[in-house]
Amino acid sequence: MKNRWLHAAATAACFAAAAAGAQTYKAEIRRTSFGVPHVKAADYGGLGYGVGYAFAQDNFCMMADEFVTVRGERSRFFGESGTTPYLRNNLVSDFYYTLVNADPAPLLAGLEKMSPELRAAFRGWAAGYNRYLREKGVANLPAPCTGAAWARPVDDADMMRLVRRYLLEASTNNFMEGMVAAKPPVAGSKAAPVLGPKSDAGIPGFDQDFWPDWRSGVGSNALALGSEATDNGRGLLLGNPHFPWSGTLRFYQFHATIPGELDVMGGSLSGFPLVNIGFNKDVAWSHTNDVAWHFTLYELKLDPANPTRYLYDGQYRDMTSKTVTVQVKAADGTLSPRSNTFWLTHFGPVTTSTAVPIPWTATNAYAIRETNGDNWRLGDQWRAINKAASTADIKAALQSIVGIPWVNTTATDRDGHAFYSDISTAPNVPREKQSLCTPSVTFAVVFSLKGPPVLDGSRSFCEWDEADDAPQAGLMPGARMPYLERRDFVQNSNDSYWLANPAVDAYRWDIPAVVGVVPDVQGMRTRLGILQAQARLAGADGLTGNKFSLATLQQVAFSNRSLSADLYMPDVVLLCQTAAASAVQAECGALSAWDRKYELTSRGAHLFREFFNAARNLPNVYKVPFNYLDPVNTPRGFAVTDATVAAALAGALKSAGDKIRAAGLPIDAPLGMVQFTLRGATPIPVHGGEENLGVYNKISTTLVPGAGYFVTTGSSYVQTVQFTDAGLTAQGFLTYSESTDPASPHFADQTMRFMNKQWIDFPFTEAQITADPALTTTTIQE
């Protein structure tokens with residue numbers, strides 16, 4: 001009883017402290033079909049207040065759980081052995097976030113670096129979230145946080161902890177296990193192991209093998225069409241980020257209005273008060289995860305007498321150590337302290353990794369330097385995009401603010417301009433400097449395509465260049481980052497800027513390799529996206545005409561065609577006619593009946609998935625290897641006339657069939673019977689396919705024996721926006737629906753529409769909102 005009283009008292013004290021700020025907030029929240037909130041306020045504080053309150057109504061427990069993570073308190077409430085929503089060990093996560101987030105001073109200083117409008121928006125969001133908690137009461141919260149001690153009010157520092165967590169998503173966050181494991185070697189001992197999923201330490205963690213693509217589970221497609229490509233001569237956009245279906249990397253859909261200042265609709269990551277991907281009356285834009293590096297590693301040359309001293313311009317410098325302590329809950333509920341010591345250099349923290357050869361030895365260690373640790377510009381960057389009246393405005397905002405942390409931007413406007421850029425926070429490391437500062441042949445060759453830049457940490461010459469026109473020391477200026485303006489189309493599906501439009505010879509652009517290796521093998525979705533756009537504009541896709549309409553764009557988005565099937569199934573058919581395939585006739589039969597798509601009715605699609613994921617990595621498997629002069633069409637075909645390759649392919653096909661049967665699934669089942677998401681205990685079939693299958697509608701899954709393929713990431717906030725003479729038409733989906741509360745009517749409603757490809761209208765104008773049959777209105781203030 002005493003503990004409950006203390007928790008209630010602490011909660012009341014937090015609310016009292018928040019109220020002491022005497023800030024006044026007011027917002028109108030109108031909800032339309034599928035629970036989408038349209039928030040209107042007189043200022044940014046009120047806007048954030050309304051967005052935060054609406055979000056909390058839909059996703060409070062998910063968000064409260066994330067605040068536990070970024071405070072470094074998971075072990076305190078959930079124990080050491082649990083994991084975060086993104087499968088990181090609780091204790092490792094707590095050590096890391098305590099290191100980067102425990103001190104509120106730099107976080108609050110970061111908030112002060114934002115514009116007054118953004119400061120007000122974030123503070124308003126916190127006030128709205130706290131209002132929901134205050135009204136609901138901890139005891140009456142939905143599951144799984146009913147009565148939870150960890151469901152607490154948030155403050156300014158908590159909001160900036162969340163912002164920093166997002167900022168570091170493409171860089172330092174991926175090294176947390178290595179940073180925790182990094183310890184000075186003891187004479188005669190082996191290098192310290194990394195706390196990864198296969199670690200000798202036995203602590204499950206997040207797979208650090210993220211080279212060449214640490215974001216293999218996430219991605220995105222974006223296609224912006226200009227006046228020469230559309231049926232009405234105005235802009236048309238497809239945006240489809242492929243993000244997790246659980247946790248705070250889910251998008252939240254809302255409409256934000258400050259009369260005379262801002263009117264924008266779209267989706268944002270949890271806790272963000274403005275729109276990350278969306279549209280206003282003049283522009284529509286989307287983002288795709290980029291391939292630019294947002295950090296570099298520095299190789300340190302260590303003092304032979306002391307592995308915590310490193311050479312720099314002929315002098316040894318001392319590393320500094322920082323010990324953090326967290327509380328860990330035992331099975332009996334008692335708490336005990338656990339500590340970890342991190343080692344820091346002037347570049348940043350020392351790290352190790354199982355993915356690449358960067359151990360801490362007696363001679364060398366490796367430190368990470370980060371571009372986004374102090375990128376408090378991101379909120380103002382998205383405010384500028386939200387307010388843009390043209391793609392030219394978006395370009396100007398990106399180049400001047402350089403606040404995008406790790407994504408490309410693809411946009412179009414009502415006048416039919418199409419725009420692409422990777423103007424993000426990249427280290428200012430010119431090609432010549434990277435060449436002169438790469439410390440060894442191993443890093444020069446092995447990392448040239450598959451790893452981040454590794455620079456010599458013993459010379460000041462190898463520090464990032466500083467430019468007068470960069471907003472932050474060491475960043476590449478926005479004007480030097482790649483962009484493309486067209487009247488036909490631009491696209492990106494997570495490859496570099498190289499083929500944003502294949503008609504442009506971007507190979508000749510003087511862009512440093514840290515922004516993307518050119519030329520390089522392109523992903524299957526990139527190739528499909530280009531081929532689909534080219535075929536549409538050539539009138540060669542079997543549809544009417546040779547321009548894009550809203551309807552044809554939607555057909556392209558969810559055709560569920562597999563480019564991998566198009567390129568390789570003809571050779572699989574030939575393989576199945578040879579003696580090499582004598583043991584896989586059942587598998588051959590299943591694939592021969594497959595329609596080569598990833599529709600719910602497609603039989604045997606999952607068999608091809610398992611087969612191709614193994615086959616594509618076989619030695620000498622391709623009939624036509626990659627040719628940088630023909631990157632959209634190569635590699636292609638299997639070399640089935642080679643007996644060794646044919647035998648290996650047959651073996652891969654047999655292994656694929658065996659894997660599926662061992663999981664208790666038929667190899668020829670319709671996709672809708674084996675691939676699904678759960679809403680509560682209800683399975684909902686999901687169409688689409690994985691990265692390597694070349695399916696534009698990317699859906700990533702994990703195979704659960706006895707059940708099927710459970711969706712983990714994929715198509716999320718999907719928007720198609722067409723500008724017209726009369727205004728705009730926007731349709732799409734939030735594939736996993738607006739709410740994570742199983743009791744909400746909006747827990748699965750959009751998911752069902754996505755399953756059936758029943759596109760949803762996004763009401764944007766006042767007339768559309770007031771005409772919505774599900775309209776409700778609430779006004780909140782304090």
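In short, a report on the structure. For every chain, the first residue of its written sequence is number 1, and the numbers climb from 1 along that sequence. Reporting in this predicted model follows two pLDDT cut-offs: at least 70 for local features of residues, and 80 or more for side-chain atom pairs to be given and counted; totals over whole chains, interfaces and linings ignore these cut-offs and use all residues. Only heavy atoms go into the side-chain values, all of them from the structure, while hydrogens and water stay out.

Now for the overall build of the chain. Put simply, DSSP marks the helices as runs of H or I at least four residues long and the strands as runs of E at least two long, and each gets a number from the N terminus on. The secondary structure content of the chain amounts to 22 helices and 30 strands. The size measure is the radius of gyration over C-alpha atoms, and the globule rule it meets is 2.2 Å times the number of residues to the 0.38 power. Computed over the C-alpha atoms, the radius of gyration of the chain is 26 Å, within 12% of the 28 Å expected from 2.2 N^0.38 for a compact globule of 782 residues. Projected onto its principal axes, the C-alpha positions of the chain cover 75 × 75 × 55 Å. Here the chain holds 782 residues, and 60% of them are scored as buried. In this analysis, two residues are considered to be in contact whenever any of their non-hydrogen atoms come within 4.5 Å of each other. Nonlocal contacts in the chain, meaning residues at least 24 apart in sequence, comprise 69% of its contacts between residues at least 6 apart. Summed over all atoms, the accessible surface of the chain reaches about 28300 Å², with 54% contributed by carbon and sulfur. Just so you know, the count uses Lys and Arg for positive and Asp and Glu for negative, and it drops His and the chain ends. All charge positions are set by atom: Lys at NZ, Arg at CZ, Asp at CG, Glu at CD. On the chain, the mean spot of the 66 positive side-chain charges and the mean spot of the 73 negative ones are 3 Å from each other. Whether a residue is buried, partly exposed or exposed follows from its accessible area with a 1.4 Å probe, protein chains only, as a fraction of its type maximum: under 20%, in between, or over 50%, in that order. Residue burial considers only the protein chains on display, and all accessible areas are found by Shrake-Rupley using a 1.4 Å probe.

Time to look at the pairing of strand 11 (residues 315-318). Here, a strand pair is defined by DSSP locating no fewer than two bridges between the strands. Pairing of strand 10 (residues 306-312) with strand 11, which is carried by four bridges, proceeds in the antiparallel orientation. Within strand 11, the residue paired with Tyr-312 across the bridge is Gln-315. Where strand 10 hands over to strand 11, the hairpin turn is made up of two residues, of which Asp-313 adopts a positive phi near 50°.

This part is about the state of the cysteines. Covalently bonding the sulfur atom of one cysteine to the sulfur atom of another cysteine gives a disulfide. Disulfides are defined as pairs of cysteine sulfur atoms found within 2.5 Å of each other. The full count for this structure, using the stated rule, is three disulfides. In this model, Cys-437 is linked to Cys-462 through a disulfide, with the two sulfur atoms separated by 2.1 Å. Looking down the S-S bond of the Cys-437 and Cys-462 bridge, the torsion is -90°, so its handedness is left-handed. Placement of Cys-437 in helix 11 (residues 431-437) and of Cys-462 in the loop between strand 18 (454-456) and strand 19 (483-486) is noted, with a sequence separation of 25 residues between them. In terms of burial, Cys-437 and Cys-462 fall into one category: buried. One disulfide in the model links Cys-576 with Cys-588; its S-S distance is 2.0 Å. Between Cys-576 and Cys-588, the S-S torsion sits near -85°, and that sign places the bridge as left-handed. A residue pair is termed long-range when its members are at least 10 positions apart, and Cys-576 in the loop between helix 16 (563-575) and helix 17 (585-592) and Cys-588 in helix 17 qualify at 12 residues. Relative accessible area serves as the criterion here: at 7%, Cys-588 is assigned to the buried category.

With that settled, the discussion passes to the packing of aromatic side chains. Note on aromatic pairs: the rings of Phe, Tyr and Trp (six-membered ring only in Trp) are paired at centre separations within 6.5 Å, and the planes decide the class, stacked below 30 degrees, edge-to-face beyond 60, tilted for the rest. With the rule as written, the count across this model stands at 41 aromatic pairs. Seen in terms of ring centroids, Tyr-25 and Tyr-49 are 5.2 Å apart; in terms of plane orientation they differ by 20°. Their pairing is stacked. With Tyr-25 in the loop between helix 1 (2-19) and strand 1 (26-31) and Tyr-49 in helix 2 (residues 44-70), this residue pair connects regions lying 24 residues apart in the sequence. For the pair Tyr-25 and Tyr-49, one class covers both residues: buried. With centroids separated by 6.4 Å and ring planes inclined at 15°, the aromatic side chains of Phe-243 and Trp-406 adopt a geometry described as stacked. Of this pair, Phe-243 sits in strand 4 (residues 236-244) while Trp-406 is found in the loop between helix 10 (391-401) and strand 16 (407-413), placing the two residues 163 residues apart along the sequence. Across this residue pair, the class does not change: Phe-243 and Trp-406 are buried. Ring pairing ties together the aromatic residues Tyr-53, Phe-55, Phe-60, Phe-67, Trp-125, Tyr-129, Tyr-132, Tyr-252 and Phe-254, which thus form one cluster.

This part is about the nonpolar core. Core analysis: the biggest nonpolar cluster contains 183 residues, and Phe-60 and Phe-279 have the highest contact counts within it. With 16 residues, helix 2 is the largest single contributor of residues to this core. Not counting the four nearest positions on each side in its chain, Phe-60 is found in contact with Phe-55, Tyr-129, Tyr-132, Leu-133, Leu-141, Cys-145 and Ala-151. Among buried residues, the Ala, Val, Leu, Ile, Met, Phe, Trp, Tyr and Cys ones that are joined through side-chain atoms within 4.5 Å form a nonpolar core.

Moving on: helix 16. A helix's residues, less one, multiplied by 1.5 Å, set its expected span. Over its 13 residues, helix 16 extends 19 Å from the first C-alpha to the last, a length consistent with the 18 Å expected when each residue adds 1.5 Å. Values of bend correspond, residue by residue, to the angle between axes fitted over the seven residues ending at that residue and the seven starting there. Along its length, helix 16 reaches its greatest deviation from straightness, about 45°, at Met-569, and the proline Pro-570 lies no more than four positions downstream. Within the sequence span of helix 16, burial applies to Leu-563, Ser-564, Ala-565, Tyr-568, Met-569, Asp-571, Val-572 and Leu-575. Those residues of helix 16 that are buried are in contact with helix 14 (524-538), helix 17, helix 18 (605-615), strand 21 (622-624), strand 22 (636-638) and helix 19 (643-662).

A few words on the packing of helix 14 against helix 16. Fitted lines through C-alpha atoms serve as axes, helices being fitted only where they are in contact, and the angles separating the N-to-C directions of these axes extend from 0 to 180 degrees. Two numbers describe how helix 14 lies on helix 16: the axes approach to 9 Å, and their chain directions differ by 100°. The orientation of helix 14 with respect to helix 16, classified from their angle, is roughly perpendicular. Seen from helix 14, the contacting residues are Met-524, Arg-527, Leu-528 and Leu-531; seen from helix 16, they are Leu-563, Ser-564 and Leu-567. Residue classes follow a fixed rule: Ala, Val, Leu, Ile, Met, Phe, Trp, Tyr, Cys and Pro count as nonpolar, while Asp, Glu, Lys and Arg count as charged, and any other residue, Gly among them, counts as polar. Class assignment of the residues belonging to the contact of helix 14 with helix 16 gives a composition of five nonpolar, one polar and one charged. Under this scheme an angle from 65 to 115 degrees is roughly perpendicular, one under 35 degrees roughly parallel, and one over 145 degrees roughly antiparallel; angles in between are oblique.

So, on to the pattern of salt bridges. Each reported salt bridge corresponds to a side-chain nitrogen of Lys or Arg within 4 Å of a carboxyl oxygen of Asp or Glu. Counted by the stated rule, this structure contains 43 salt bridges. When the shortest N-O distance is used, the salt bridge between Lys-433 and Asp-465 registers 2.5 Å. You can see Lys-433 sitting in helix 11 and its partner Asp-465 sitting in the loop between strand 18 and strand 19, a full 32 residues away along the chain. For Asp-488, the salt bridge goes to Arg-486, with nearest N and O atoms at 2.9 Å. Look at the salt bridges and you will find they share partners, linking Glu-112, Arg-119, Arg-123 and Asp-156 into a network.

By the secondary structure assignment, Asp-571 is in helix 16. On the basis of relative accessible area, Asp-571 is assigned to the buried category, the value being 5%. If sequence neighbours within four positions are ignored, Asp-571 has contacts with Lys-623, Gly-637, Phe-638 and Val-640.

The next point concerns the packing of helix 5 (residues 104-113) against helix 7 (residues 156-167). Closest axis-to-axis distance for the helix 5/helix 7 pair is 9 Å, and the angle between their directions is 85°. Put simply, helix 5 runs roughly perpendicular to helix 7. Residues Pro-104, Leu-107, Leu-108 and Leu-111 of helix 5 form the contact with helix 7, whose own contacting residues are Asp-156, Ala-157, Met-160, Arg-161 and Arg-164. Of the residues contributing to the contact of helix 5 with helix 7, the split by class is six nonpolar, no polar and three charged.

Our focus in this paragraph is unusual backbone geometry. Val-518 connects to Pro-519 through a cis peptide bond whose omega is 0°. As for its placement among the helices and strands, Pro-519 is situated in the loop between strand 20 (489-492) and helix 14. The phi angle at Ser-737 is positive, at roughly 80°, despite the residue not being glycine. Inspection of the secondary structure puts Ser-737 in the loop between strand 28 (727-734) and helix 21 (749-755).

The mixed open sheet is built from 10 strands, whose spatial order is 19-17-16-8-7-6-5-2-1-30. Sheet topology places strand 19 and strand 30 (776-781) at the edges, where each strand pairs with a single neighbour. Between one strand axis and the next, the sheet turns through 20° on average, direction left out of account. As paired elements, strand 8 (residues 283-289) and strand 16 share seven bridges and run antiparallel to each other. What sits directly across from Val-283, in strand 16, is Asp-413. Packing of helix 2 onto the sheet brings it into contact with strand 1, strand 2 (37-40), strand 5 (251-258), strand 6 (262-269) and strand 30, and relative to strand 1 it is tilted by some 45°.

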